[in-house]
Amino acid sequence: MLLLSKLLRNVEIAKLILTDKCIKCNYRFFGVTKRNYSTDDNSSELKVERLKARSVLSVEGSDSLNFLQDLTTNDIRLLEDSSKCIFSAFLNAKGKVIHDTIIYKPENQDIFLVECDISSIEALQVHMTMYRGRRRVEIRSVENELNVWAIYNPSEGNIGEIDLGENVVVCPDPRVSYLGLRVLAPAGLDVAKKINNKGTSTSNVSFYKSLRYKLGIGEGAREIPYGRYSPTEVNCDFLNGICSRKNMYIGQEAAMKEDKAVKQKSRLMPIFLEILKMRSFPLNTPIEDVMRKRKTPVGYLRGNQGRVGIGLMKVSEALHQANIRVGQILGHCARPPWWPNEEDDISKKII
């Protein structure tokens, strides 16, 4: 019986190694290429999707800029100069990410709009209120007034500008160009229908999540649990979410000390599984090397949608590990195309 089980395991490994050839040479993962990380499902079409898992807080008042500047990892002053929106994180005192956000500054308005996970919007509002003090700032939820949308083309990173009329905030996703445009629209406006009139099509349900997973980009409290990961573990530095020139903000010193102390860096990375049907795994399922040379996992799963997922991986080991296993399913861990160039030492890119 033991001999049979070993034989079956060797057959699985051999099968995975054979399918790995195209991955090693061309970064082609089940229809995903290094060039564009596109999919097989009408990837040339412009897609529109309402992101129902995201919501918005309004931060208004004469002290709102300095208030947010002291709380977040990125430089809020960029919104006063050129950027329409920025990616930024809120940290706790221990330097761990508690909220991943995209912050917008509508034109000609003395207001900031903070997009966050809908399940943690109340927690973020409480966090802000706790640090408000006597500053002239009003914080309120506008989840019933604004909806968050994404407009993107998986085969083309930069899709240009789209005019959706007044009272609609449209800007390139500040993280990577592969994610297209981010849109804040009034609750009564169906952006999908408006875009359809221009000859485009709406995306399949949750297709945007699959795209994020293929890029190795986490989003929301489920994939980035409250107070568990450092900014670099969720790729804030690679995603333009950290400004090293800023003065002190909450959690900055603790985050810097931890990054310097940790010898083996971990980051969110895309996972591609050899499975044809839709199947989900429990969060934090261990990700192991196929040959089982290590006693400890090379990472932990943070979410999957069918055969594509995202995991917190030990970078040096994941990049040198050709094959992985999630439960009884074989697969691969990939290096995202938007990471620094191969010749750059990833471990030195940490703040």
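See the structure printed just above.
Structure report, in brief. (Residues numbered from 1 in each chain as written. Predicted model: local features only at pLDDT ≥ 70, side-chain atom pairs only at ≥ 80, totals over all residues. Heavy atoms only, no water.)

1. Here we look at the pattern of salt bridges
Within the structure shown, the criterion is met by 16 salt bridges. Of the charged contacts in the structure, one is a salt bridge between Arg-212 and Glu-219, with a shortest N-O distance of 3.8 Å. This pair shows no difference in class: Arg-212 is buried, exactly as Glu-219 is. Within the structure, one salt-bridge network assembled from shared partners comprises Arg-54, Asp-100, Glu-115, Asp-173, Arg-175, Arg-182, Arg-212, Glu-219 and Glu-223. (Salt bridge = Lys/Arg side-chain N within 4 Å of Asp/Glu carboxyl O. Buried < 20%, exposed > 50% of the residue type's maximum accessible area, 1.4 Å probe, protein only.)

2. Some thoughts on the nonpolar core
As a rule of thumb, soluble globular proteins bury nonpolar side chains together. The biggest cluster of nonpolar side chains holds 60 residues, and the ones touching the most others in it are Tyr-104, Val-176, Leu-215, Ile-287, Met-313 and Trp-338. Those residues in contact with Ile-287 that sit more than four places away from it in its chain are Ile-271, Pro-297, Val-298, Gly-299, Tyr-300, Leu-301, Gly-311, Met-313, Ile-324, Arg-325 and Val-326. (Core = buried A, V, L, I, M, F, W, Y, C linked by side-chain atoms within 4.5 Å. Contact = heavy atoms within 4.5 Å.)

3. What to know about the side chain of Asn-304
Residue position: Asn-304 is located in strand β12 (residues 299-305). For Asn-304, a relative accessible area of 11% translates into the label buried. Within the structure, the side chain of Asn-304 is placed 3.0 Å from the backbone nitrogen of Phe-281, a separation counted as a polar contact. Engagement of the side chain of Asn-304 in a polar contact is seen with the backbone oxygen of Gly-306, the distance being 3.0 Å. (Helix = DSSP H or I, 4+ residues; strand = E, 2+ residues; numbered from the N terminus. Polar contact = N/O pair within 3.5 Å; in protein donor to acceptor, adjacent residues only side chain to side chain.)

4. Remarks on the layout of surface pockets
Considered as a void within the structure, the largest pocket measures approximately 890 Å³ in volume. Considering the residues around the largest pocket, the lining is formed by 40 residues, among which Pro-106, Glu-107, Val-168, Val-169 and Val-170 are closest to the centre. Take the lining of the largest pocket: its biggest share by element is four residues, from strand β8 (residues 169-172). Split into classes, the residues belonging to the lining of the largest pocket amount to 17 nonpolar, 12 polar and 11 charged. (1 Å grid on protein atoms, 1.4 Å probe; cavity = no way out; pocket = protein on both sides within 12 Å on 5 of 7 lines; lining within 4 Å. Points joined across faces, edges and corners; volume = space filled by probe spheres on them. Nonpolar A, V, L, I, M, F, W, Y, C, P; charged D, E, K, R; others polar.)

5. Thoughts on the sheet that holds strand β3 (residues 85-91)
By definition, the strands of a sheet pair up through backbone hydrogen bonds, in either a parallel or an antiparallel sense. Taken in spatial order, the five strands of this open sheet run β3-β4-β5-β2-β6, and their pairing is antiparallel. Of all the strands in the sheet, the pair left with one neighbour each is β3 and β6 (138-141). On average, each strand axis in the sheet is tilted by 30° relative to the strand beside it, whichever way the strands run. By the bridge criterion, seven bridges tie β3 to strand β4 (residues 97-104) in an arrangement that is antiparallel. Residue pairing for β4: Ser-88 is matched across the bridge by Thr-101. (Pairing = 2+ DSSP bridges. Axes fitted to C-alpha atoms, helices over the stretch in contact; angles between N-to-C directions.)

6. Examining a negative patch on the surface
A cluster of acidic side chains, namely Glu-60, Glu-80, Asp-81, Asp-110 and Glu-138, defines a negative patch on the protein surface. Within the element layout of this structure, Asp-110 appears in the loop between β4 and β5 (111-117). (Patch = residues over 30% accessible without salt bridge, like charges linked within 9 Å, V, L, I, M, F, W, Y side chains within 5 Å. Areas by Shrake-Rupley, 256 points an atom, 1.4 Å probe, with all protein chains shown as cover. Lys, Arg positive; Asp, Glu negative; His and termini not counted. Charge placed at Lys NZ, Arg CZ, Asp CG, Glu CD.)

7. Some details on the sheet that holds strand β11 (residues 286-289)
Overall, antiparallel pairing links the six strands, which are arranged β10-β13-β12-β11-β14-β15 in a closed barrel. On average, each strand axis in the sheet is tilted by 40° relative to the strand beside it, whichever way the strands run. Here strand β14 (residues 324-326) pairs with strand β15 (residues 329-333) via three bridges, running antiparallel. Paired with Arg-325 across the bridge in β15 is Leu-330.

8. So, unusual backbone geometry
Residue Asn-167 is not a glycine yet carries a positive backbone phi of 65°. For Asn-235, which is not glycine, the phi dihedral falls at a positive 65°. With respect to the helices and strands, the residue Asn-235 is situated in the loop between α7 (207-215) and α8 (252-261).

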